[in-house]
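Residue-level listing of the chains:
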Amino acid sequence: MRFPFSNTVSSSRKSHGTRNWIQPEANKASSLRSVIMETPIPDYLYLALKQYNGLDARPIVNVGDKVLKGQKIAEARDEFGVPVHAPTSGMVAAISRHPYPDEFGSDAIALCIKTDGLDRWIPRQPEDDLHTLSAQQLIKKIREAGIISLAGSGEFPNREPIDTLIINGAECEPYVTCNQALIREHPENIISGAKILLQIYRAKHCIIAIEENSTDAIDALKPALEDQSIELNLVPARYPASSDKQLIQVLTKKEVPASKRPEDIGVSIINAAAAAAIHNAIISGEPLISRVTTVCGDTLKTPKNFRALIGTPVAFLFELCGIDYSRLSRVVMGGSLTGITLNNLDTPLIKTSDCLIAGSSQEFPSAPTAHECIRCGFCSSACPVGLMPQQLYNSIRAGMTDKAQQQGLDDCIECGACAYICPSHIPLVQYYRYAKFELKDQNVRYEQSRKWQRRFEYRQHRLLENEKRKQGNRHRSLARPEIIETTDTALENFSREQASIEIADAVARVKARKNKKNSEDKT
Amino acid sequence: MTTPAPSNLVISCSPQQFSKTTTGQIMLLVMAACVPAVLMSTYFFGIGTLLNIGLAAIFALLLESAVLKFRDKDIRLHLSDNSALVTAVLLGITMPPGSQWWLTLSGVFCAIVIAKHAFGGLGHNPFNPAMSGYVILLLFFPLAMTSWHIPVALSGDELFSPLSFDSLLSSIQLVFPTLAPDSASHASSFTDGMAMATPLIEQNLAGHSAIKTVLDADGGLGAILDRASETGWELVNTGFLVGGLFLMWKKVISWHIPVSIIGSILLLSLLFYADSGVSTNGSAYLHLFGTATMIGAFFIATDPVSAAASSKGKLLYGVIIGCGVYSIRVWGGYLDSIAFAVLIGNFCVPLIDHFCTREIRH
Ligand code: SF4
Ligand code: SF4
């Protein structure tokens, strides 16, 4: 018999708060050793206008326009947004709906670029002397280069007093190795990016966090970090250590309260890939047009880490790795715990896509049928936020989404640790998603009904006012119009008067009709 | 380029990967952890316990399937969680060894049908099924549940050997009385057997540690394993302790409940222990090892379904059970303190869970 617990939940206490976190099978070996490979240029690129959670960018080119590599093709709509750049030279072939990687398998507007294979750059403006630039200028440049924090929420942090700057090089999710490969091959870029960020934030500490088992990345970074003000911190290779708030807690021992952002406690956290992109943007003047992405899965002959252009269709990358389409059963973008499934192989890479998995049905068997919750509490000890997933689940099943909200549903980061560890294989995260949608929906409905109610009240009030004014005109000599105290009572009086008049009328009409009928009968 | 039609691709909510541990495996581990104690008990007291467990398991599977069918559930799926087997094993261990088949059947019926499925099945039962079955049996058949006659070799007065063929045979005849060639005469020979306390009933609180006696007499390991030395109970309890530690190591149970139960019993027994005089409160050692404390603390109270959920709640739950066990044992009228104390603990769980949840900082 296999004893199941020997390596799933680790018992050592290396770091504060992570001792019960899960250690899923990492599945990283296949792609880990590969050097980062530049991809060839695909024939078509699809640049979604939505590259992160915020507003869509606004296209500033037309169909038929020629574009150069690095040219801005869509601009941000608000101060938090970032522009989109052409990843290579070519022609804008279409601006239309195209499959978009999200959990709903929906479409989104994308700019389709037919590439010309020449890969011609627009003139770049590398920055020679950093120190002449103010923090504001740097931030503006970084934003203009289209950089978002290349994982997680994807937003680039605003400027607030920051005490600790964390460069997140940890990748706790199974399958994902792109950060590790990037750090191994270009540690200097990340350090340079970190220095630029230090100049912006003037933070006292700067920490680069890597998982303790990624030895090659550590070896690469260590020499580069000598005589620098940047520390290297190792975090346990456990899930979800690389999730922002959890990483902050591990490194600084400070907890980010549920409703706050890291900046509120003086910490800024940014992904290592974003740090490298910042280096490219400032030092080489190149906007964010490509990213390192892990492409793996058991239907591929040679899993790899690619430097792929943003907008490359996933099928193109899979084919570079020699995909066996006959065995392909599930395509996952992201790691296997929070990743989303894609239903279309034309879906393009976006700026936050760190991993693509093309798995067979052996690698991803369909979820086992759920048993009843046995209240074993494994989920509670796995939850990095400190929620009690089984309580949430029970409340949601009982239809009490508001109770689930009191129990902390909003703080759930949907990391999937609870659903992973649950021995009864209950799809817990689905329940939480459902409940969150339900709550949002309730709010929308509530707001809407409030709006209609206010409109109705206002109309009644207006009608009443009109009526009053008319009556006031008629009996000006007798009475002045009264001041209405409240809408409700006025409304009541109004309708009661109205009702009595109407009733009297009706009675009179009926009587008249009866009389008429009687007289007709007599004749 | 042959791109497969999108409909071939599986669409699924994250996570896409699951741990390989299943509820069925956890239940198997619990049963595996019972092995040392059951072996000890068989060695010292004959195959009565094994017969109990086997019978109870068969009844449990049959009854569970029947109820599942009646409730229109997927029988295969629900049987594969192995929870009915765990209930059967625990009930089989706690009933008087070699109980007659109808007693076992009634016990399993009460545990599975009444205590579990009547409340909505696995995960919804507020009370520990095995202990509910046990207590109901105790209320209905007090005599059968409190007397236990170890079958002796038919010759009578010489020292019994539970593993000899004769006593195996008579054990089986005890369970199925009609199998005996001459029921009447055998029944009388049973009554000549040695009356023992049943597993949940504390027998020798007033006495001294048998192991200590043996060691004092310089008997060594061989003497401890000698059946005549009456070290059986203490070794069975040690078996449960070993199994419990195994479960803890495998992270099937957390430390909170066992530690708080054993801790509170230890504390109370140290507090109220009187060495001499008429007091029979018993030493701390006997409270822990001469009784049913270990199976209660590690195997019965830790049933996750009917226990408290949070760590804080588990500690409180354990303290309630520990105090209950000690009070019932020392000052109460019932001898089966564990069963009652666990049920009392179960009663408190909803309240405990209501107050002991994790706090979320905003
Ligand atoms: S891990 Fe699964 S079975 Fe265990 S308490 Fe959580 S939801 Fe229930
Ligand atoms: S998905 Fe939510 S409830 Fe589950 S472990 Fe992650 S944060 Fe906790």
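Thresholds applied
Residues numbered from 1 in each chain as written. Chains lettered and ligands numbered in written order. Predicted model: local features only at pLDDT ≥ 70, side-chain atom pairs only at ≥ 80, totals over all residues. Heavy atoms only, no water. Helix = DSSP H or I, 4+ residues; strand = E, 2+ residues; numbered from the N terminus. Buried < 20%, exposed > 50% of the residue type's maximum accessible area, 1.4 Å probe, protein only. Contact = heavy atoms within 4.5 Å. Near = heavy atom within 4 Å. Nonpolar A, V, L, I, M, F, W, Y, C, P; charged D, E, K, R; others polar. Buried area = accessible area lost by both parts, 1.4 Å probe. Salt bridge = Lys/Arg side-chain N within 4 Å of Asp/Glu carboxyl O. Expected span 1.5 Å × (residues − 1). Polar contact = N/O pair within 3.5 Å; in protein donor to acceptor, adjacent residues only side chain to side chain. Pairing = 2+ DSSP bridges. Axes fitted to C-alpha atoms, helices over the stretch in contact; angles between N-to-C directions. pLDDT = per-residue confidence, 0-100. Patch = residues over 30% accessible without salt bridge, like charges linked within 9 Å, V, L, I, M, F, W, Y side chains within 5 Å. Areas by Shrake-Rupley, 256 points an atom, 1.4 Å probe, with all protein chains shown as cover. Parallel < 35°, antiparallel > 145°, perpendicular 65-115°, else oblique.

Draft legend 1. Region of interest: the overall build of chain B. A tally of regular secondary structure across chain B gives 17 helices and two strands. For chain B, buried positions account for 55% of its 362 residues. In chain B, once contacts between residues fewer than 6 apart in sequence are set aside, the share between residues at least 24 apart is 77%.

Draft legend 2. Spotlight on the overall build of chain A. Looking only at helices and strands, chain A has 14 helices and 17 strands in total. Among the 523 residues that make up chain A, the fraction classed as buried is 52%. Residue pairs in contact within chain A that sit at least 24 positions apart in sequence constitute 70% of those at least 6 positions apart.

Draft legend 3. Highlighting the site of ligand 1. Around ligand 1, the structure places Cys373(A), Ile374(A), Arg375(A), Cys376(A), Gly377(A), Cys379(A), Gln390(A), Cys422(A), Pro423(A), Ser424(A) and Leu428(A). The class makeup of the residues in the shell around ligand 1 is seven nonpolar, three polar and one charged.

Draft legend 4. Looking closely at the site of ligand 2. Surrounding ligand 2, one finds 13 residues, the nearest of these being Cys383(A), Cys412(A), Cys415(A), Gly416(A) and Cys418(A). Grouping the constituent residues of the shell around ligand 2 by class yields eleven nonpolar, one polar and one charged.

Draft legend 5. Expanded view of the interface of chain B and chain A. Taken together, the contacts link 50 residues of chain B with 69 residues of chain A. For the pair chain B and chain A, the two sides together bury roughly 5200 Å², of which 58% comes from carbon and sulfur. Scanning the region where chain B abuts chain A turns up one salt bridge. Where Arg375(A) meets Asp353(B), a salt bridge forms, and the shortest distance between an N and an O atom there is 3.3 Å. Of all the elements in the fold, those that place two or more residues in the side of chain B that touches chain A are α1 (23-45) and α17 (337-355) of chain B. Here the residues of the side of chain B that touches chain A are counted per class, giving 24 nonpolar, 18 polar and eight charged.

Draft legend 6. Structural detail: helix α6 (residues 129-140) of chain B. All names here are of chain B. Over its twelve residues, α6 extends 17 Å from the first C-alpha to the last, a length consistent with the 16 Å expected when each residue adds 1.5 Å. Taken together, the buried positions of α6 are Pro-129, Ala-130, Met-131, Ser-132, Gly-133, Tyr-134, Val-135, Leu-137 and Leu-138. Buried residues belonging to α6 abut α4 (83-94), α5 (101-116), α7 (142-146), α15 (293-300) and α17. The backbone nitrogen of Ala-130 lies 3.1 Å from a side-chain oxygen of the residue at the head of α6, namely Asn-128.

Draft legend 7. Highlighting the pairing of strand β17 (residues 355-360) of chain A. Residues and elements named next belong to chain A. The buried fraction of β17 is high, at six of six residues. Where burial is concerned, the two faces of β17 agree: the one with Cys-355, Ile-357 and Gly-359 and the one with Leu-356, Ala-358 and Ser-360 are both buried. Inspection of the sheet shows strand β13 (residues 290-296) paired to β17 by three bridges, in the parallel sense. What sits directly across from Thr-294, in β17, is Cys-355. Strand direction decides the pairing type here: strand β15 (residues 328-333) and β17, joined by five bridges, are antiparallel. Bridge assignment links Val-332 to a residue of β17, and that residue is Ile-357.

Draft legend 8. Main features of the sheet that holds strand β12 (residues 267-271) of chain A. Residue and element names in this part refer to chain A. Across the sheet, four strands lie side by side as β11-β10-β9-β12; this open sheet has parallel pairing. Of all strands in the sheet, those bounded by a partner on one side alone are β11 (230-235) and β12. In this sheet, adjacent strand axes meet at a mean angle of 25 degrees when their direction is disregarded. Relative to β12, strand β9 (residues 164-168) is paired through five bridges, and the arrangement is parallel. Residue pairing for β12: Leu-165 is matched across the bridge by Ser-268.

Draft legend 9. View of the environment of Leu245(B). Residue and element names in this part refer to chain B. With respect to the element layout, Leu-245 can be found in helix α12 (residues 232-249). Of the residues examined, Leu-245 reaches a relative accessible area of 43% and is grouped as partly exposed. Residues Leu-245 and Phe-298, 53 residues apart in the sequence, show an inter-C-alpha distance of 8.1 Å.

Draft legend 10. Molecular detail of the confidence of the model for chain B. Residues and elements named next belong to chain B. When pLDDT is averaged along chain B, the result is 79, and 70% of the positions lie at 70 or above. This model gives residues 152-159 a pLDDT under 50, and the stretch forms eight contacts once residues within four places in sequence are excluded. Reported confidences for the modelled complex are a pTM of 0.78 and an ipTM of 0.81.

Draft legend 11. Spatial organisation of the pairing of strand β8 (residues 107-115) of chain A. Residues and elements named next belong to chain A. As defined by bridge partners, strand β2 (residues 44-48) adjoins β8 across five bridges and the pair is classed as antiparallel. By the bridge assignment, Tyr-46 is partnered in β8 with Cys-112. With nine bridges connecting them, strand β7 (residues 90-99) and β8 associate as antiparallel partners. By the bridge assignment for β8, Val-92 is matched with Ile-113.

Draft legend 12. Quick peek at the sheet that holds strand β5 (residues 72-75) of chain A. Residue and element names in this part refer to chain A. Reading across the sheet, the three strands line up as β3-β5-β6 and stay open at both edges, with antiparallel pairing between neighbours. The open sheet has two free edges, formed respectively by β3 (58-59) and β6 (84-85), since each of these has just one partner strand. Bridging between β3 and β5 involves two bridges; their strand directions are antiparallel. When the bridges of β5 are listed, Arg-58 appears paired with Glu-75.

Draft legend 13. Spotlight on a nonpolar patch on the surface. Taken together, the side chains of Leu139(B), Phe140(B) and Tyr334(B) define a hydrophobic patch exposed on the protein surface, amounting to about 350 Å² of accessible area. Structurally, Tyr334(B) is set in the loop between α16 (311-331) and α17.

Draft legend 14. Structural context of the side chain of His256(B). All names here are of chain B. Within the element layout of this structure, His-256 appears in helix α13 (residues 256-272). Overall, His-256 belongs to the buried group, its relative accessible area being 11%. At 3.0 Å, the side chain of His-256 and the side chain of Ser-254 are in polar contact. Contacts of His-256, omitting those with residues within four sequence positions, involve Ser-311, Lys-314 and Leu-315.

Draft legend 15. Spotlight on the packing of helix α4 (residues 187-201) of chain A against helix α7 (residues 272-284) of chain A. Residue and element names in this part refer to chain A. Running from N to C, α4 and α7 point in directions that differ by 80 degrees, and their axes come no closer than 7 Å. In terms of their interaxial angle, α4 and α7 are classed as roughly perpendicular. For the pair α4 and α7, contact is made by Asn-189, Ile-190, Ser-192, Gly-193, Ala-194, Ile-196 and Leu-197 and by Ala-272, Ala-275, Ala-276, Ile-278, His-279, Asn-280, Ile-282 and Ile-283, respectively. The residue makeup of the contact of α4 with α7, split by class, is ten nonpolar, five polar and no charged.

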